[in-house]
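Now for the letters of each chain:
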Amino acid sequence: MTTTTEAPASPRTAEAPRAGAGRAAGRKRSSTILVTAILVVVALYFLVPVYWVLVASTKTTQDLFSTNGFLFSGHFALWDNLARVLSYDDGVFLRWFLNSVLYAGVGALLATYLAAAGGYALAKYEFRGRNAVFGTILGGVLVPGTATALPMFLLFSQLGLANTYWSVLIPSLVSPFGLFLCRIYAQATVDTALIEAARIDGAGELKIFHTIGLRVLTPALVTVFLFQLVGIWNNYFLPLVMLSDSKLYPITLGLNNWLSQVDRLPEFYELTTGGVLLSIIPLAIAMIVLQRFWRGGLTEGAVK
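In this text, all values refer to a predicted model and were calculated from it rather than measured experimentally.

### Observations concerning the overall build of the protein
And step 1. When its secondary structure is counted, the protein shows 15 helices and zero strands.
And step 2. Of all 304 residues assigned to the protein, the portion counted as buried reaches 34%.
And step 3. For the protein, restricting intrachain contacts to residue pairs at least 6 apart in sequence, the fraction spanning at least 24 positions comes to 73%.
And step 4. For the protein, the accessible surface area stands at approximately 18800 Å², while carbon and sulfur atoms represent 67% of it.

Now the structure itself:
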């Protein structure tokens, strides 16, 4: 008579079905459908206006009002409209575009660097009044930009900087939210022991910040940069208050100038819709190119 002995199941094998059952129980079909439906609605909320702009930019003024706003017309006039946008008034749209690149690109880059430096210093250095300084800067998040536009205009007028590039560029260098985000991220990710090791190796504080701090803060810096880029690119009120010379206008102010003339010149509808389409392309490119830094930051510390 032979007896067979069964090997005892390993704890990992025995617990696997139980763990899988727990995960399956945590996902109800109704909750999955609800979350998916909410995400679809949110996606449509953001994508439908972009789709409308794309459709409207392919139409003539007559087709824009005589056809369905969400359907393409029989006459595809996209390239004609874009050519008119780029050539109207000796290419003034290109100048507005370059002005926006200057305001948003340089402003966002410098604002991100200053926010990183300030956030890093508030997170990693101990000094008297640190929390008071941080609280004062954080209070700037609660102040809307429209509330400070008029005082800044009076200040820049006294300094002789009104109606210049500096009147829009200098206010764009300040990002209280960016500094707040960089401080929180630096506290969580920048290891103090790593900083001390660099100091022992003879590295100065600026070198430590540029070689260690900025690299670790990359996901936060990308977030701050994109927030500033979009905010400055879409800013309308500050340039409206500061600028009177149309050659200094950003895209937002220039397109509004065209839109104000559609009542007497209906062909400006074509210029406006075509200009809006061109104005959103840089933001879409920036989002697509920089999103990989977000994914990289979210997976830092993950088990591989």
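Anyway, onward from the coordinates.
### Side note on the nonpolar core
And step 1. In this structure, Phe 93, Trp 96, Leu 229, Leu 243 and Trp 258 are the most contacted members of the largest nonpolar core, which totals 34 residues.
And step 2. Breaking this core down by element, the ones donating at least two residues are α4 (78-87), α5 (92-124), α12 (218-233), α13 (237-242), α14 (251-259) and α15 (268-298).
And step 3. Among the elements that make up this core, the one with the highest residue count is α15 (seven residues).
And step 4. For Phe 93, the contacting residues outside a window of four places in its chain are Val 85, Leu 86, Ile 251, Leu 255, Trp 258, Gly 275 and Leu 278.

### Digging into the confidence of the model for the protein
And step 1. For the protein, mean pLDDT is 85; residues scoring 70 or higher make up 88% of the total.
And step 2. Mean pLDDT in the protein bottoms out at helix α1 (residues 11-26), which sits at 48, and peaks at α5, which reaches 94.
And step 3. Confidence over residues 9-17 falls short of pLDDT 50; this stretch has zero contacts with residues more than four positions distant or in other chains.
And step 4. Contacts of residues 19-25 to residues separated by more than four positions or lying in other chains number zero contacts, the stretch itself having pLDDT below 50.

### Quick word on a nonpolar patch on the surface
And step 1. On the surface, Val 40, Leu 44, Val 48, Tyr 51, Trp 52, Leu 54, Phe 70, Phe 72, Phe 76 and Trp 79 cluster together into a nonpolar patch covering about 980 Å² of accessible area.
And step 2. For the nonpolar patch, the element with the most residues is helix α2 (residues 29-56), which contributes six residues.
And step 3. According to the relative accessible area criterion, Tyr 51 is partly exposed, its value standing at 35%.

### A short note on the pattern of salt bridges
And step 1. Scanning all chains against the criterion turns up four salt bridges.
And step 2. Here Arg 199 ties to Glu 196 by a salt bridge, and the two come within 3.0 Å at their closest N and O atoms. Taken together, the residues Arg 199 and Glu 196, both in helix α10 (residues 192-200) and three residues apart, mark about one turn of the helix.
And step 3. Three or more residues joined by partner-sharing salt bridges are found here, namely Glu 196, Arg 199 and Glu 205.

### A look at the packing of helix α11 (residues 205-216) against α12
And step 1. Packing of α11 against α12 leaves a shortest axis separation of 5 Å and a crossing angle of 70°. Taken together, the axes of α11 and α12 are roughly perpendicular relative to one another. Here Leu 214, Arg 215 and Val 216 of α11 come into contact with α12, specifically with Thr 218, Pro 219 and Leu 221.
And step 2. Residues of the contact of α11 with α12, tallied by class, amount to four nonpolar, one polar and one charged.

### Re the packing of aromatic side chains
And step 1. Throughout the structure, instances matching the rule amount to 16 aromatic pairs.
And step 2. Summarising the aromatic geometry, the rings of Tyr 88 and Trp 258 are spaced 5.7 Å apart at their centres and angled 90° between planes, so their arrangement reads as edge-to-face. With a gap of 170 residues between them, Tyr 88 in the loop between α4 and α5 and Trp 258 in helix α14 connect regions that are remote in the sequence.
And step 3. For Tyr 88, a relative accessible area of 32% gives the class partly exposed.
And step 4. For Trp 258, a relative accessible area of 2% gives the class buried.
And step 5. Among the aromatic residues, those joined into a cluster by ring pairs are Tyr 88, Phe 93, Trp 96, Trp 258 and Phe 268.
And step 6. Sitting above the plane of the Phe 134 ring, Arg 183 keeps its charged end 4.1 Å from the centroid.

### With respect to the side chain of Ser 172
And step 1. Relative to the helices and strands, Ser 172 is located in the loop between α8 (165-169) and α9 (176-189).
And step 2. With relative accessibility at 6%, the residue Ser 172 sits in the buried group.
And step 3. Reaching out from Ser 172, the side chain makes a polar contact with the backbone oxygen of Val 168 at a distance of 2.8 Å.
And step 4. When near neighbours in sequence (up to four residues on either side) are disregarded, Ser 172 contacts Gly 107, Ala 111, Gln 228 and Ile 232.

### Let's talk about the side chain of Ser 167
And step 1. Relative to the helices and strands, Ser 167 is located in helix α8.
And step 2. Judged by its relative accessible area of 0%, Ser 167 falls in the buried class.

Reading guide: rules and limits
- Residues numbered from 1 in each chain as written.
- Predicted model: local features only at pLDDT ≥ 70, side-chain atom pairs only at ≥ 80, totals over all residues.
- Heavy atoms only, no water.
- Helix = DSSP H or I, 4+ residues; strand = E, 2+ residues; numbered from the N terminus.
- Buried < 20%, exposed > 50% of the residue type's maximum accessible area, 1.4 Å probe, protein only.
- Contact = heavy atoms within 4.5 Å.
- Areas by Shrake-Rupley, 256 points an atom, 1.4 Å probe, with all protein chains shown as cover.
- Core = buried A, V, L, I, M, F, W, Y, C linked by side-chain atoms within 4.5 Å.
- pLDDT = per-residue confidence, 0-100.
- Patch = residues over 30% accessible without salt bridge, like charges linked within 9 Å, V, L, I, M, F, W, Y side chains within 5 Å.
- Salt bridge = Lys/Arg side-chain N within 4 Å of Asp/Glu carboxyl O.
- Axes fitted to C-alpha atoms, helices over the stretch in contact; angles between N-to-C directions.
- Parallel < 35°, antiparallel > 145°, perpendicular 65-115°, else oblique.
- Nonpolar A, V, L, I, M, F, W, Y, C, P; charged D, E, K, R; others polar.
- Phe/Tyr/Trp six-rings, centres within 6.5 Å; stacked < 30°, edge-to-face > 60°.
- Lys NZ or Arg CZ within 6 Å of the ring centre and 35° of its normal.
- Polar contact = N/O pair within 3.5 Å; in protein donor to acceptor, adjacent residues only side chain to side chain.

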